[in-house]
Amino acid sequence: AFGATQAAMAQTAAPAHTASPGAHRAWPQHVYAPYFESWLEGTGAASIAGSAQAARSPYETLAFLQTASAGSCALTWNGDSTEPVPGSTFASDIATLQRHGGNAIASFGGYGADSTGTEIADSCTDVNAIAADYESVITTYHVTRLDMDVEANSLTDTAGIARRNQALKLAEQWAAHRHQPLQVQYTLPVEPTGLTATDLAVLQNAAATGTRVDVVNIMTFDYYLASEPSPLPMGADAISAAEAAHTQLATVYPHASSAQRWALEGITMMPGIDDYAGGTEVTHPSDAQQVLTFARAHGLALLSIWAIQRDNGGCPGTVGASTCSGLAQNTWDFSHLLEHFNR
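We now turn to the structure provided with this report. This is a predicted model, so every value here is computed, not measured.

1. Examining the environment of Tyr-111
- Note on placement: Tyr-111 falls in helix H4 (residues 110-114).
- According to the relative accessible area criterion, Tyr-111 is exposed, its value standing at 54%.
- Here the alpha-carbon distance between Tyr-111 and Asp-275, two residues 164 residues apart in the chain, equals 13 Å.

Given below as structure tokens:
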């Protein structure tokens, strides 16, 4: 059966263990879940729960889970050995989201981990241990969606790709046995022309392994094209990438209908001026509105931004800042627009 159908069935199952009220509430069919740069917590940035309340974004994607060193199988937040999983780091904030009707997506990898061999499936060669790490995150935080942010070297580490999908399949089987809701999301870089060959290879390996993928989330920023017009039409290019990916996903899921493939997709934008030094890649609220309109019309699963800490106008003109967009904007302009996707 196609993944989205299985996921819908899983959401109706009763939880197998006691959790925070709301922890096992089904995810919305269409959700805005901005990324939260969790390594900034405690440095003056809003907390997970605080930003969710202020931005009216009850669902957040928490980045990132990885190992502290290459070759390790021990999971941590942001490679910090003092923040292991299982542990108490962010547990209170996640429980607060859940009590207030939201939830967290636990995100593994990211550019830093994926380029240093500390993404868990690249680092650890024991598939059972990787699966146990996924399961530990689920049981520690009572979360029901895991995000695999695969980029940089992780896109070409074929052994890591295979281990990741094998471990995810084991975790899915474990969750099904426990009547535990679980969704698996892949976050992948993209070009305006669609998914790359390496992106597709990750998904094709998942399909061949029998690993259910519920969301394919494309990152519509940091294109670094050989020749970039100024400015790049970021909203239109995000839509172009999503349309191309929709066609490409038919090669991975040949039995999925067009509607099912749209329901498999997510789009993540980077509000404001992204990391490209040329300054031609600038996502404005008007671009986000274009993407929102498109996502609603086509029934996409997810909209997100990298990251919620950037959703303010604190540094006009700055390229690729972590805590501001580089635009002259009101705080939470992007989130207050995209929150209307939740339904």
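2. Details of unusual backbone geometry
- Each neighbour pair has its own omega, and for Val-85 with Pro-86 the value is 5 degrees, a cis peptide bond.
- Along the polypeptide, Pro-86 turns up in the loop between strand E4 (75-77) and helix H3 (91-99).
- Along the chain, Ser-230 connects to Pro-231 via a cis peptide bond; the corresponding omega equals -5 degrees.
- With respect to the helices, strands and loops of the structure, Pro-231 is situated in the loop between strand E8 (215-219) and helix H9 (234-252).

3. Topic: the pattern of salt bridges
- Taken as a whole and judged by the stated rule, the model has 4 salt bridges.
- A salt bridge links Arg-164 to Glu-119; the shortest N-O distance between them is 2.8 Å. With Arg-164 in helix H7 (residues 158-177) and Glu-119 in the loop between H4 and helix H5 (120-123), this residue pair connects regions lying 45 residues apart in the sequence. Here the two residues Arg-164 and Glu-119 agree in accessibility, since each one is buried.
- Of the charged contacts in the structure, one is a salt bridge between Asp-122 and Arg-164, with a shortest N-O distance of 3.4 Å. A residue pair is termed long-range when its members are at least 10 positions apart, and Asp-122 in helix H5 and Arg-164 in helix H7 qualify at 42 residues.
- A relative accessible area of 0% means that Arg-164 is categorised as buried.

4. Some remarks on the pairing of strand E9 (residues 265-269)
- With 5 of 5 residues buried, E9 is to be regarded as a mostly interior element.
- What you see with E9 is no split at all: Glu-265, Ile-267 and Met-269 on one side and Gly-266 and Thr-268 on the other are buried throughout.

5. Topic: H7
- With 20 residues, H7 ought to run about 28 Å at 1.5 Å a step, and its terminal C-alpha atoms sit 29 Å apart, in line with that.
- Taken together, the buried positions of H7 are occupied by Gly-160, Ile-161, Ala-162, Arg-163, Arg-164, Asn-165, Ala-167, Leu-168, Ala-171, Glu-172, Trp-174 and Ala-175.
- Looking at the packing, one finds that the buried side of H7 touches H5, helix H6 (127-141), strand E6 (145-149), strand E7 (183-189) and helix H8 (197-209).
- Directly after H7, the chain includes His-179, whose backbone phi takes a positive value near 55 degrees.

6. Focus: the layout of surface pockets
- Taken as a whole, the largest pocket holds about 610 Å³ of empty space.
- Around the largest pocket, the lining comprises 29 residues; the ones closest to its centre are Tyr-111, Glu-151, Phe-221, Asp-222 and Asp-275.
- Taken together, the elements giving at least two residues each to the lining of the largest pocket come down to strand E2 (35-37), strand E3 (59-67) and H4.
- At 4 residues, H4 tops the list of elements feeding residues into the lining of the largest pocket.
- The class makeup of the residues in the lining of the largest pocket is 15 nonpolar, 7 polar and 7 charged.

7. Concerning the side chain of Gln-248
- The residue Gln-248 is located in helix H9 in this model.
- Only 2.7 Å separates the side chain of Gln-248 from the backbone nitrogen of Leu-195, close enough to count as a polar contact.
- Beyond its immediate sequence surroundings of up to four residues, Gln-248 is in contact with Gly-194, Leu-195 and Leu-200.

8. Comments concerning the nonpolar core
- Of all hydrophobic cores here, the largest spans 91 residues; its most connected members are Phe-108, Tyr-134, Val-137, Leu-146, Leu-195 and Leu-303.
- Per element, the largest residue contribution to this core is 8 residues, and it comes from H9.
- With 8 residues, the next largest nonpolar core counts Trp-27, Ala-33, Ile-105 and Val-215 among its residues.

Basis of the calculations
- One numbering rule holds for all chains: residues counted from 1, following each sequence as written.
- Confidence filtering applies because this is a predicted model: local features only for residues at pLDDT of at least 70, side-chain atom pairs given and counted only at 80 or more, and all residues used for totals across whole chains, interfaces and linings.
- The basis for the side-chain values is all heavy atoms of the structure; hydrogens and waters are excluded.
- Helix and strand definitions here come from DSSP, where helices need a minimum of 4 consecutive H or I residues and strands a minimum of 2 consecutive E residues; each element is numbered from the N-terminal end.
- Remark: exposure states derive from per-residue accessible area (1.4 Å probe, protein chains only) relative to the maximum for the residue type, with buried under 20%, exposed over 50%, and partly exposed in between.
- Counted as salt bridges are all cases of a side-chain nitrogen of Lys or Arg within 4 Å of a carboxyl oxygen of Asp or Glu.
- Expected helix span is taken as 1.5 Å per residue step, with the number of steps being one fewer than the number of residues.
- We call two residues in contact whenever any of their non-hydrogen atoms come within 4.5 Å of each other.
- Each cavity reported here is a set of points on a 1 Å grid over the protein atoms alone in which a 1.4 Å probe fits but cannot get out, each pocket an open set with protein on both sides within 12 Å along at least five of seven lines, and each lining residue one with an atom within 4 Å of a point.
- Grid points are joined across faces, edges and corners, and a volume is the space filled by probe spheres set on the points.
- All residues other than Ala, Val, Leu, Ile, Met, Phe, Trp, Tyr, Cys, Pro, Asp, Glu, Lys and Arg, Gly among them, are scored as polar; the first ten of these are nonpolar and the last four charged.
- Think of a polar contact as two N or O atoms within 3.5 Å of one another; within protein, one of them needs to be a possible hydrogen donor and the other a possible acceptor, and neighboring residues in sequence only count if both atoms come from side chains.
- Residues belong to a common nonpolar core when they are buried Ala, Val, Leu, Ile, Met, Phe, Trp, Tyr or Cys residues joined through side-chain atoms within 4.5 Å.

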